Amino acid sequence: MSDAAKQGFFLTGMFDREFVKERKNDDGSYRKVHYLGFLIRSDSGTDLCEVRTKQPEKYAHLKRDQVVTIQVFLRGYKDVVYFSDER
């Protein structure tokens with residue numbers, strides 16, 4: 001299926017950076033979670049959108065301020081909604 005025929009939610013923005021956050025597990029241990037940061041500009045302002053990824057190496061070729069479009073999926077966990085790049 002070509003990219004033009006895909007359906008779903010797509011995010012178009014300027015790539016800002018990749019970053020890592022440490023999350024605490026229920027057992028007290030920590031794990032690293034990778035995110036991609038995108039600057040989204042609209043008529044009402046500029047926002048930073050964080051997209052969670054399990055494959056940060058897939059985006060290593062992106063340059064800062066490069067405009068990209070990626071397919072995102074909505075996720076929810078404990079009343080928090082976030083974006084992910086994988087199903």
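Below is a short write-up of the structure.

**Let's talk about the pairing of strand 2 (residues 30-42)**
As defined by bridge partners, strand 1 (residues 9-24) adjoins strand 2 across 10 bridges and the pair is classed as antiparallel. What sits directly across from V20, in strand 2, is H34. Count of turn residues in the strand 1/strand 2 antiparallel hairpin: 5 residues, of which G28 carries a positive phi of about 95 degrees. Two strands pair when backbone bridges link them, and strand 2 and strand 3 (residues 45-53) are joined in this way by 9 bridges, in the antiparallel orientation. When the bridges of strand 3 are listed, I40 appears paired with D47. Hairpin connection of strand 2 to strand 3: 2 residues between the antiparallel strands.

**Observations regarding the packing of aromatic side chains**
Enumeration according to the criterion identifies 2 aromatic pairs in this entry. With centroids separated by 5.8 Å and ring planes inclined at 70 degrees, the aromatic side chains of F15 and F38 adopt a geometry described as edge-to-face. Remark: F38 occurs in strand 2 and F15 occurs in strand 1; sequence separation between them is 23 residues. For F15, a relative accessible area of 6% translates into the label buried. Judged by relative accessible area, F38 falls into the buried class, the value being 0%. Pairing F19 with Y35 gives two aromatic rings, centres 5.6 Å apart and planes at 15 degrees, and the pair type is stacked. With F19 in strand 1 and Y35 in strand 2, this residue pair connects regions lying 16 residues apart in the sequence. Residue classification places F19 among the buried residues on the basis of a relative accessible area of 11%. Residue classification places Y35 among the buried residues on the basis of a relative accessible area of 8%. Above the face of the Y35 ring, K21 is positioned so that its terminal group lies 5.0 Å from the ring centre.

Parameters at a glance
- Residues numbered from 1 in each chain as written.
- Predicted model: local features only at pLDDT ≥ 70, side-chain atom pairs only at ≥ 80, totals over all residues.
- Heavy atoms only, no water.
- Pairing = 2+ DSSP bridges.
- Helix = DSSP H or I, 4+ residues; strand = E, 2+ residues; numbered from the N terminus.
- Phe/Tyr/Trp six-rings, centres within 6.5 Å; stacked < 30°, edge-to-face > 60°.
- Buried < 20%, exposed > 50% of the residue type's maximum accessible area, 1.4 Å probe, protein only.
- Lys NZ or Arg CZ within 6 Å of the ring centre and 35° of its normal.

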